[in-house]
Amino acid sequence: KRLPGIYQLIDGTVSVSKLRPVDYSDLLGREHIDIDLRSSFSVLSGSCVLVTGAGGSIGSELCRQLAAYAGLKRLVMFDIYENTTYDIQQELKRDHPELDIRTIIGIICNAEMLDTLFDRYEIEYVFHAAAHKHVPLMEHVPSEAFNNNILGTYTLVKAADAHHVKRFVMTSTDKAVNP
């Protein structure tokens, strides 16, 4: 619950009866911005979109929004980790049975697999959200972070370029910037 200011309580201008549930906009620290997602995603309508890191927190939410608002021809979800990717796949199949969803388990460092993926599904747009993002953990195995985050991204960009995708969007997380 959100409580009125302490001074307002003390001087009696408001009472505890003014408690109200906390709204997410209370936490923003700025004015709320309304976004027309359907309009924002309209450029993707009828296309085939690849989301890497589809089982992660950002990738799975991106898949939810693409499924709900973009009017895609096909959504290709790609991730190294099968458990969470399976979960988002099942959720989207249940909530959007009309959408052609393809789920691929693999690593973005595998150039041959990516080449086959781009050919088979005629990928037009890429949303790249695959990354090792927990910096303190990755400091113990920097070579793996480098392989996945740097070489994997490079391999994915090369494949996207070779297959003439229309747009490549890379996302990052606050954990990578300010852990």
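### Comments concerning the overall build of the protein
Next, step 1: When helices and strands are counted, the protein shows 8 helices and 5 strands.
Next, step 2: The order of α-helices and β-strands along the protein, N terminus first, is α-α-β-α-β-α-β-α-β-α-α-β-α.
Next, step 3: Split into buried and exposed, the 179 residues of the protein put 34% on the buried side.
Next, step 4: In the protein, 70% of the contacts between residues at least 6 apart in sequence involve partners at least 24 apart.
Next, step 5: Accessible surface computed for the protein: about 11,300 Å², of which carbon and sulfur atoms make up 54%.

### Details of the pattern of salt bridges
Next, step 1: Tallied over the full model, the rule gives 6 salt bridges.
Next, step 2: Between Asp100 and Arg74 there is a salt bridge, and its shortest N-O distance comes to 2.9 Å. On the criterion of sequence distance, the pair formed by Asp100 in strand β3 (residues 100–105) and Arg74 in strand β2 (residues 74–79) is long-range, its members being 26 residues apart.
Next, step 3: Residue class for Asp100 comes out partly exposed when judged on its relative accessible area of 22%.
Next, step 4: Given the relative accessible area of 13%, Arg74 is considered buried.
Next, step 5: Asp100 serves as the salt-bridge partner of Arg102, at 2.7 Å between the closest nitrogen and oxygen.
Next, step 6: A relative accessible area of 31% means that Arg102 is categorised as partly exposed.
Next, step 7: By sharing partners, the salt bridges in this structure join Glu61, Arg64 and Glu91 into a single network.

### Quick notes on helix α5 (residues 111–121)
Next, step 1: Turning to α5, its buried residues are Leu114, Leu117, Phe118 and Tyr121. All buried residues of α5 project into a common sector of 95° when viewed along the axis, lining one side. In α5, the exposed residues that point more than 90 degrees away from the buried face are Glu112 and Arg120.
Next, step 2: Buried residues in α5 make contact with β1 (48–52), β2, β3, β4 (125–128) and α7 (142–162).
Next, step 3: At the exit of α5 stands Glu122, carrying a positive phi of roughly 50°.

### Re the sheet that holds β4
Strand pairing within a sheet occurs via backbone hydrogen bonds; the two strands may be parallel or antiparallel.
Next, step 1: Within the open sheet, the 5 strands sit side by side as β3-β2-β1-β4-β5. Their pairing is parallel. Each edge of the open sheet carries a strand with a single partner, namely β3 and β5 (167–170). Going from strand to strand, the sheet's axes swing by 15° on average, the running direction of each strand aside.
Next, step 2: Taken together, the 4 bridges between β1 and β4 define a ladder with parallel strand orientation. By the bridge assignment for β4, Val49 is matched with Tyr125.
Next, step 3: Helix-sheet contacts for α5 involve β1, β2, β3 and β4, and the interaxial angle to β2 is about 170°.

### Observations regarding the side chain of His163
Next, step 1: Along the chain, His163 turns up in the loop between α7 and β5.
Next, step 2: In this view, His163 contacts Asp115, Phe118 and Asp119; residues no more than four positions away in its chain are not counted.

### Observations regarding the layout of surface pockets
Next, step 1: There is about 670 Å³ of room inside the largest pocket.
Next, step 2: As for the largest pocket, its lining consists of 34 residues, and the residues nearest its centre are Ala129, Ala130, Ala131, His132 and Lys133.
Next, step 3: Every element with two or more residues in the lining of the largest pocket is listed here: α3 (57–69), β2, α6 (135–138) and α7.
Next, step 4: Considering each element in turn, the lining of the largest pocket owes the most residues, 4 residues, to α7.
Next, step 5: When its residues are assigned to classes, the lining of the largest pocket shows 15 nonpolar, 17 polar and 2 charged.

Calculation criteria
- Residues numbered from 1 in each chain as written.
- Predicted model: local features only at pLDDT ≥ 70, side-chain atom pairs only at ≥ 80, totals over all residues.
- Heavy atoms only, no water.
- Helix = DSSP H or I, 4+ residues; strand = E, 2+ residues; numbered from the N terminus.
- Buried < 20%, exposed > 50% of the residue type's maximum accessible area, 1.4 Å probe, protein only.
- Contact = heavy atoms within 4.5 Å.
- Areas by Shrake-Rupley, 256 points an atom, 1.4 Å probe, with all protein chains shown as cover.
- Salt bridge = Lys/Arg side-chain N within 4 Å of Asp/Glu carboxyl O.
- Arc of directions from axis to C-beta.
- Pairing = 2+ DSSP bridges.
- Axes fitted to C-alpha atoms, helices over the stretch in contact; angles between N-to-C directions.
- 1 Å grid on protein atoms, 1.4 Å probe; cavity = no way out; pocket = protein on both sides within 12 Å on 5 of 7 lines; lining within 4 Å.
- Points joined across faces, edges and corners; volume = space filled by probe spheres on them.
- Nonpolar A, V, L, I, M, F, W, Y, C, P; charged D, E, K, R; others polar.

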